[in-house]
Amino acid sequence: MIQWDDKDPNICAHTARLISWCKTYPDTRIKLFSDSHQEAVNEGQWRQQMSMQKEVYFQQVADAVFTHDHDPCIRQLYAQYLRFRLRKKYNNANKTLSSTGAGLTAIELRERPDMKGLLDKILDTFPWWEDLHGFWRTNPSYNTVFSTADPGQDFAAEA
């Protein structure tokens, strides 16, 4: 199992390279982490069409992140578990924000006094959350905590 949020400098370097790669290649990131075509159309979102199998793209990511890693087992594990481990850690962080908070942007969370402390705590233990949230916030395949209700809507008060 690959650790993504450990204080070990080697582990932090792997995660930092992953996030950097995703920022450098947004079209490929969208191909890897996008919704289905129909969901993207329904939500008015842009979706990249894949020209290769997803495994090829994941191998590109693994190559970028682990080019200098001496352990081939790590490279193989990374390619298999990349999206599952980060998605799990990302959603565990989102659970602390509640379904409404998980749908807010990081800027919106910082503006809310009741959420700013939670965001700071998340970023203290999982510094890549904000980048991943920018990629995955409205994607129900990756943000499983997010509610489709309007962010900030208080259903309890309206009941």
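Residues numbered from 1 in each chain as written. Predicted model: local features only at pLDDT ≥ 70, side-chain atom pairs only at ≥ 80, totals over all residues. Heavy atoms only, no water.

Relative to the assigned elements, Asn 91 resides in helix 5 (residues 72-95). Excluding residues within four positions of it along the chain, Asn 91 makes contact with Tyr 142, Asn 143, Thr 144 and Val 145. (Helix = DSSP H or I, 4+ residues; strand = E, 2+ residues; numbered from the N terminus. Contact = heavy atoms within 4.5 Å.)

So, about the pattern of salt bridges. Counted under the stated rule, the structure contains four salt bridges. Between Arg 112 and Asp 114 there is a salt bridge, with its nearest N and O atoms 3.2 Å apart. Between Lys 116 and Asp 120 there is a salt bridge whose closest N-O contact spans 3.0 Å. With Lys 116 and Asp 120 both in helix 8 (residues 113-125) and four residues apart, this pair spans about one turn of that helix. We classify Asp 120 as partly exposed; its relative accessible area is 35%. (Salt bridge = Lys/Arg side-chain N within 4 Å of Asp/Glu carboxyl O. Buried < 20%, exposed > 50% of the residue type's maximum accessible area, 1.4 Å probe, protein only.)

Quick look at the nonpolar core now. Ranked by size, the top nonpolar core spans 28 residues in total, and within it Leu 32, Phe 33, Leu 109, Phe 126, Trp 129, Leu 132 and Trp 136 carry the most contacts. Counting only elements with at least two residues in this core, the list comes to helix 1 (9-24), helix 2 (26-33), helix 4 (54-66), helix 5, helix 7 (106-111), helix 8 and helix 9 (129-136). For this core, the leading source of residues is helix 4, giving five residues. Sequence-distant contacts of Leu 132, that is, excluding residues within four places in its chain, are made with Ile 19, Leu 86, Tyr 90, Phe 126 and Arg 137. (Core = buried A, V, L, I, M, F, W, Y, C linked by side-chain atoms within 4.5 Å.)

In this section: the packing of helix 1 against helix 9. Look at helix 1 against helix 9: their axes get within 10 Å of each other, and the N-to-C directions meet at 35 degrees. In this structure, the crossing between helix 1 and helix 9 has a hand that is left-handed. Residue-level contacts link Ile 19, Cys 22 and Lys 23 of helix 1 to Asp 131, Leu 132 and Phe 135 of helix 9. When its residues are assigned to classes, the contact of helix 1 with helix 9 shows four nonpolar, no polar and two charged. (Axes fitted to C-alpha atoms, helices over the stretch in contact; angles between N-to-C directions. Left-handed = near helix turned anticlockwise from the far one by under 90°. Nonpolar A, V, L, I, M, F, W, Y, C, P; charged D, E, K, R; others polar.)

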